[in-house]
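# Secondary and tertiary structure notes
For reference, the chains in residue letters:
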Amino acid sequence: MAYSGDESFVKCAEEGKRFDECASLLICASEGSTSLDFVQSSFPYNFIVVGDSNQENEKRRSNGTCNVIADDRSFLLDRVTPGNETTNNGDANVVIVGDKFFTKEPLAIVTRNNDREFSDIINWVLHALFYGEEQGLTKKPSLCQNYTNLTSHSASDLNFMNAVYCVGNYGKLFVE
């Protein structure tokens, strides 16, 4: 989970400040989310605006009902486009996504236990994505190979770096 919205209020939320310049902080979070659970454990109820959906929270931030959204960082990066926005009163409002992470949603790759070769392939693809991130490798379509016409059925014939060349490294998967 991370915060997104007006830069000064994102900083307030990230630092847990509720006084002085942060007294008007209002954080939107979705009902039933782990983001809401975290925000409720960190801020008094009068700093929290509970919404039914992520889209509702975006509208509330745009219309000034709240000035920060608490949500999964990948959602915020995907849906909240940094740049100039205009609020209802005509003021320019620069929207940012904060740098601090507060919770991590439990995500995992799961494969069937009766297909060891497929599980190994998935594991090697994941390791290739990690390696690509460590080495600063990015998506490179000229090196991306199409395996639809592969005649061999052996995992050893696969180039696992193809995952990096076709879609990017692990870190880029959640940003783009």
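Now for a quick tour of the structure. Predicted model, so just to flag it, every value in this text is computed and none were measured.

What follows deals with the side chain of R73. Topologically, R73 is positioned in helix α4 (residues 73–79). In this structure R73 comes out as buried when scored by relative accessible area, which is 18%. Apart from the residues within four sequence positions on either side, R73 is in contact with A2, V97, G98, D99 and F101.

Per the counting criterion, the structure on display carries five aromatic pairs. Centre to centre, the rings of F43 and F47 are 6.4 Å apart; their planes meet at 40 degrees, and the pair counts as tilted. Through a chain of ring-to-ring contacts, the aromatic side chains of Y3, F38 and F102 assemble into a single cluster.

Here we come to the state of the cysteines. In the structure shown here, the tally under the stated rule is three disulfides. C12 shares a disulfide with C22; S-S distance 2.0 Å. Disulfide C12-C22: torsion about the S-S bond near -75 degrees, hence left-handed. Here the residue C12 occupies a position in helix α1 (residues 7–15), and C22 occupies one in the loop between α1 and β2 (27–30), the gap between them amounting to ten residues. The residues C12 and C22 share a single accessibility class, namely buried. Covalently, C28 is tied to C66 through a disulfide, its sulfur atoms 2.1 Å apart. On the sign convention where negative is left-handed, the bridge of C28 and C66, at about -110 degrees about the S-S bond, is left-handed. Taken as a pair, C28 in strand β2 and C66 in the loop between α3 (54–63) and β4 (68–71) lie far apart in primary sequence, 38 residues in all. The pair C28 / C66 is uniform in exposure class, with both members buried. Each disulfide of the chain joins two cysteines, and with those cysteines numbered along the sequence the arrangement is 1-2, 3-4, 5-6.

Cut-offs applied
- Residues numbered from 1 in each chain as written.
- Predicted model: local features only at pLDDT ≥ 70, side-chain atom pairs only at ≥ 80, totals over all residues.
- Heavy atoms only, no water.
- Helix = DSSP H or I, 4+ residues; strand = E, 2+ residues; numbered from the N terminus.
- Buried < 20%, exposed > 50% of the residue type's maximum accessible area, 1.4 Å probe, protein only.
- Contact = heavy atoms within 4.5 Å.
- Phe/Tyr/Trp six-rings, centres within 6.5 Å; stacked < 30°, edge-to-face > 60°.
- Disulfide = S-S within 2.5 Å.

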